[in-house]
Amino acid sequence: MQTKTNCIVRKEQYDPKELNLHETLFCNANGYIGVRGTLEEGVPADFPTMRGQYLAGAYEIIPMKQAESLCNLVEKKQTMLNICDTQTIRLSVSGEDFLPAEGGTEEAERILNMSEGYTERRTRWISPSGREIDVRIRRMAHFRVKELFTIDYEVTALNFSGEAVFDSFHIPEVENYSDPNDPRLADESPCFLKLEKQGFREEASFSVTRTKESGVSIAAVTNHRCFSEAKPYSMVREEGEALITRLRIPVRKGERIRVIKYAAFSDSIREKDPLAKAVKVVHDAMERDIDELYEDQKSYLGSFYSRSHMEIKGDKELEDAVSFNMYELLQAAPHDAFAGIAAKGLSGEGYEGHYFWDTEMYVVPFFLMTEPKLAENILSFRYATLQRARENAALLGHRRGALYPWRTITGVECSGYFPSGTAAYHINGAIAYAVTQYYYATSDKDFLIKMGLEILIETARLWLDTGVYDRKGRFQIQEVTGPDEYTCMVNNNYYTNASARYNLSSAAKLYEEFRDEPEIQRLAERLGFSEDEKEEMREAAEKMYLPYDEEYGINPQDDSFLDKPVWDLKATPKEDFPLLLHYHPLHLYRFQVCKQADTVLSHFLFPKLQSRETMEKSFRYYERITTHDSSLSTCVFSMTASMLGLKKEALLYFGDSAKLDLMNRHENTKDGVHTANMGGCYMAIVNGFAGIRITEHGLSIDPFLPEGLTGYSFPFTFRGRRLKLTVEKDTAALKLLSGEAFDFRFREENGRLEEEGLWTHRL
Ligand code: BGC
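Q: What is the right way to look at the overall build of the protein chain in this model?
A: Along its length, the protein chain carries 18 helices and 31 strands. Radius of gyration (C-alpha) of the protein chain: 27 Å, near the 27 Å computed for a compact globule of 763 residues. In the protein chain, which comprises 763 residues, the proportion classed as buried is 63%. A separation of at least 24 residues holds for 67% of the contacts in the protein chain among residues at least 6 apart in sequence. Total accessible area computed for the protein chain in this model is approximately 29100 Å², and 47% of it derives from carbon and sulfur atoms. Looking at the protein chain, you have 93 positive and 119 negative side-chain charges, and the mean spots of the two groups are 2 Å apart.

Structure follows, in structure tokens:
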């Protein structure tokens, strides 16, 4: 892997095994649009490709096959849409088709420029008859003009004069991707969007399509601008289902010609008249100079990096990997409350575009520290779907409270296999944790009063309705699944109980803090929430049963976990990983073997619940039986190792997490990036190495420098202030860049930063 400043550069070898990986790594997204980095000209028929364009929150409802129709099982699910194909552009030079995947490529590389917000393909190609061209194609999903996607196509005729012909396509009806052999993908690939209208208005192509069940309409518009010495001849035509714009341009030897394709997309979830919106976006964009659009993109990113850029000294490759992860998170982040963050962001169809607990537990912390407004959007989406969570709880037999769906697009449960889906009640804990953290990190009282407290109360109520007091007076939670999906439907999953405890006490505590506010009084009345119920929450939290095993001195993952035989990981053939693709789930459930961090994550989140010794023993114990088959795992092992002072392990696990997608470690990055891990990688630095914690008492830091690095530094925000932490070999320095003076904790000491002050400490 070759790297440049804030760029990811890869050679393009047109290797079918690598191509769909590149489609993911060079995807352009802006939180609304996602366009995979497929080749404009298409690929040979035997090359695998996921030729996708997506819009955040756009979905269809399809039947969920259940083998037996047991009561209240999920019978319909939502799935993301491949909205259309506007990325196909076929080029021919003097009658020869530019098909580099079929040969003739002298040099080809792909670049993701994360400072300027575009991807670029550079190819030098020689046609079968010896015509040589240089092709540069730049793509951008604009961060400020959310609906806009551009392809800026330049061709230089290096050794001939002749003609370049561009056939630029707009295909309104396309299929979703599927793989019936992988449970992490859809198993069939219909075309969900049906054509309502299409055509050309003057030179611009347009289409409106609509889903059958969900009734979501999508509008797409494209138009072109050409730059060449000779006047291009342009012609539009409809061929089958495609709208094709043909541009014929005479070209002279040495001349560079340029075609810019503007595409805009809009949907009926957000717009009354999506077509009018898309028409306007293309029109307005074409009125501007493209360089102005590029500058705007760069300035957006400049401001993002001023709040987030992570410097890692002593390992440039690692720094670029971290940058890439942060950039992907930004590409995935929704800018309104109509969508959440999918497990793969907008970069692919893995997990069908569903949102999981990944968002709140792994991704929200990144935005809390860098762009709190985006964290608020994410949580507002959960607020917008609270009523559906209540309905979900009722379907499961609960008489009070809300249960957020394990996987969803609009707030309705979409998981087909409830033992490792709906039963993962800990998603409620993750959302409640994120709401509480959001409040402590921003002091945004308004959000808490208008949305946050209602989420906290309704999620806490669910625990009251689920749990029971045992004969010893301990509050137990039975028949749930924790984060580790190789162990399902258990009693007292330590992680779930610990996060339920946090949820219950946070609801009670924050209600007390705000109960005199008229809006909260009205809320309590509307919810029928009383002081008695608040006390019930406090008591359940206090009496929450947290399993502990005297003999091993650790927290067992659940009541029966330690009684199961230990899976022999050393004797398991390499090709049997991930285990989920090779063993029946029931078989896995009968062993002590973990897919991902479970108890280890709860130690990191709730360290006050156990002694350091117990947590270290737990860490060591689970380390031996965890496969990390889930990408949500190594980052957590890294941050927990940091917290426990296990510096070597912290760095080792971090390395694994940081390059997970760039190195395609899970061999499925082709289906989309792993956004949870990307957020987890950020947390492994900020909350792990730097030991930053935010609680009701404020900010505390406890940093160390991992061996092999010479330093690291990053800006972050805390309660309206902007700060920068720099850690070097012997010192840690915290600078208050803007905002009011405040007190913080450094390890066991108190610190104070005056306005624009600098605080340093020897390590
Ligand atoms: C993990 C879950 C995660 C999901 C989506 C699964 O493999 O076990 O914890 O929420 O992937 O990323």
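Q: Would you mind showing me how to read the sheet that holds strand β27 (residues 721-728) here?
A: Paired through backbone hydrogen bonds, the strands of a sheet run either parallel or antiparallel to each other. Strand order in the open sheet formed by five strands is β21-β26-β27-β28-β31, with antiparallel pairing between adjacent strands. Both edges of this open sheet fall to β21 (311-313) and β31 (758-762), since each of them pairs with a single strand only. Neighbour-to-neighbour, the strand axes of this sheet turn through a mean angle of 15°, independent of strand direction. Relative to β27, strand β26 (residues 711-718) runs antiparallel, the two sharing eight bridges. Bridge assignment links Thr 717 to a residue of β27, and that residue is Arg 722. In the packing of helix α3 (residues 290-308) onto the sheet, the strands contacted are β26 and β27, and the crossing angle to β26 comes to about 105°.

Q: Mind showing me how you'd approach the nonpolar core here?
A: The nonpolar side chains of soluble globular proteins are, as a tendency, buried together. Formed by 156 residues in total, the largest nonpolar core has its most connected members in Trp 357, Phe 367, Leu 453, Ile 692, Phe 714 and Phe 716. Residues within four places of Phe 367 in sequence aside, it is in contact with Leu 329, Leu 330, Ala 333, Ile 341, Pro 372, Leu 374, Ala 375 and Ile 378. Val 35, Leu 193, Ala 220 and Tyr 355 belong to the second-largest nonpolar core, a separate cluster that totals 52 residues.

Q: Whenever I open this one, the packing of aromatic side chains confuses me. Can you help?
A: We describe a pair of aromatic rings using the distance from one ring centre to the other and the angle between the two ring planes. Throughout the structure, instances matching the rule amount to 40 aromatic pairs. Following the ring pairs from residue to residue traces out a cluster consisting of Tyr 351, Phe 356, Trp 357, Tyr 362, Trp 406 and Tyr 495. Stacked on the ring of Tyr 294, the Lys or Arg Arg 138 has its end atom at 4.8 Å from the ring centre. Positioned above the aromatic ring of Tyr 545, the side-chain terminus of Arg 474 is 4.2 Å from the ring centre.

Q: Just checking my understanding: could you explain the domain arrangement of the protein chain for this structure?
A: Interface size is commonly expressed as the accessible area that is lost once the parts come together. The domain architecture assigned to the protein chain consists of domain 1 (2-304), domain 2 (310-689) and domain 3 (690-763). Centre-to-centre, using C-alpha coordinates, domain 1 lies 35 Å away from domain 2. Counting residues at the interface gives 56 residues for domain 1 and 51 residues for domain 2. Here domain 1 packs against domain 2, burying approximately 4500 Å² in sum over the two surfaces, 60% of which is carbon and sulfur. Viewed at the interface, domain 2 and domain 1 are joined by two salt bridges. The salt bridge partner of Lys 77 is Glu 352, with a shortest N-O separation of 3.1 Å. Inspection of the domain 1/domain 2 interface yields 21 residue pairs in polar contact (both at pLDDT 80 or more). Of the residues forming the side of domain 1 that touches domain 2, the biggest block, five residues, is contributed by strand β7 (residues 76-80).

Q: Any chance you could explain the site of the ligand here in plain terms?
A: The full set of residues close to the ligand is Ala 343, Tyr 351, Phe 356, Trp 357, Asp 358, Trp 406, Glu 485, Lys 595, Gln 596, Ser 630 and Leu 632. The separation between an oxygen atom of the ligand and a polar side-chain atom of Tyr 351 is 3.1 Å. At 2.6 Å from an oxygen atom of the ligand is found a side-chain nitrogen or oxygen belonging to Gln 596. For the ligand, whose accessible area on its own is 310 Å², the fraction buried by protein is 94%. When its residues are assigned to classes, the shell around the ligand shows six nonpolar, two polar and three charged.

Q: Can you walk me through the side chain of Gln 198 in this structure?
A: Among the structural elements, Gln 198 can be located in strand β15 (residues 193-201). Polar side-chain contacts of Gln 198 include one of 3.1 Å to the side chain of Glu 238. The residues contacting Gln 198, other than those within four sequence positions of it, are Pro 172, Phe 206, Ser 207, Glu 238, Gly 240, Glu 241 and Leu 243.

Q: When you look at the packing of helix α9 (residues 445-466) against helix α11 (residues 518-527) in this model, what are you seeing that I'm missing?
A: Helix-helix packing is described using two parameters, namely the angle between the two axes and the distance between the axes. In contact at an axis separation of 11 Å, α9 and α11 are set at 35° when each is read in the N-to-C sense. For the crossing formed where α9 meets α11, the hand is right-handed. Two secondary-structure elements touch here, α9 through Ile 449, Lys 450, Leu 453, Glu 454, Ile 457, Glu 458 and Arg 461 and α11 through Glu 519, Ile 520, Leu 523, Arg 526 and Leu 527. By residue class, the composition of the contact of α9 with α11 is six nonpolar, no polar and six charged.

Q: I keep staring at unusual backbone geometry and nothing clicks. Help me out?
A: Note: most residues except glycine have negative phi, and most peptide bonds are trans. With an omega dihedral of -5°, the bond running from Phe 577 to Pro 578 counts as a cis peptide bond. Positionally, Pro 578 belongs in the loop between α12 (531-542) and α13 (585-589). In this model, Glu 479 sits at a positive phi of 55°, which is unusual for a non-glycine residue. Along the chain, Glu 479 turns up in the loop between β23 (475-476) and α10 (494-514).

Q: When you look at the environment of Pro 405 in this model, what are you seeing that I'm missing?
A: In this structure, Pro 405 sits in the loop between α7 (386-395) and α8 (426-442). Of the residues examined, Pro 405 reaches a relative accessible area of 1% and is grouped as buried. For the pair Pro 405 and Glu 479, spaced 74 residues apart in the sequence, the C-alpha separation amounts to 16 Å. Beyond its immediate chain neighbours, meaning those up to four positions away, Pro 405 contacts Asn 392, Gly 411, Val 412, Glu 413 and Ile 427.

Q: What is the right way to look at the environment of His 398 in this model?
A: Tracing the chain through its elements places His 398 in the loop between α7 and α8. Assessed through its relative accessible area of 13%, His 398 is described here as buried. Residues in contact with His 398, not counting those within four places in the same chain, are Ala 393, Tyr 425, Leu 462, Asp 465 and Thr 466.

Cut-offs and rules
- Residues numbered from 1 in each chain as written.
- Predicted model: local features only at pLDDT ≥ 70, side-chain atom pairs only at ≥ 80, totals over all residues.
- Heavy atoms only, no water.
- Helix = DSSP H or I, 4+ residues; strand = E, 2+ residues; numbered from the N terminus.
- Rg over C-alpha atoms; globule rule 2.2 N^0.38 Å.
- Buried < 20%, exposed > 50% of the residue type's maximum accessible area, 1.4 Å probe, protein only.
- Contact = heavy atoms within 4.5 Å.
- Areas by Shrake-Rupley, 256 points an atom, 1.4 Å probe, with all protein chains shown as cover.
- Lys, Arg positive; Asp, Glu negative; His and termini not counted.
- Charge placed at Lys NZ, Arg CZ, Asp CG, Glu CD.
- Pairing = 2+ DSSP bridges.
- Axes fitted to C-alpha atoms, helices over the stretch in contact; angles between N-to-C directions.
- Core = buried A, V, L, I, M, F, W, Y, C linked by side-chain atoms within 4.5 Å.
- Phe/Tyr/Trp six-rings, centres within 6.5 Å; stacked < 30°, edge-to-face > 60°.
- Lys NZ or Arg CZ within 6 Å of the ring centre and 35° of its normal.
- Domains from an automatic or database assignment.
- Buried area = accessible area lost by both parts, 1.4 Å probe.
- Salt bridge = Lys/Arg side-chain N within 4 Å of Asp/Glu carboxyl O.
- Polar contact = N/O pair within 3.5 Å; in protein donor to acceptor, adjacent residues only side chain to side chain.
- Near = heavy atom within 4 Å.
- Nonpolar A, V, L, I, M, F, W, Y, C, P; charged D, E, K, R; others polar.
- Left-handed = near helix turned anticlockwise from the far one by under 90°.

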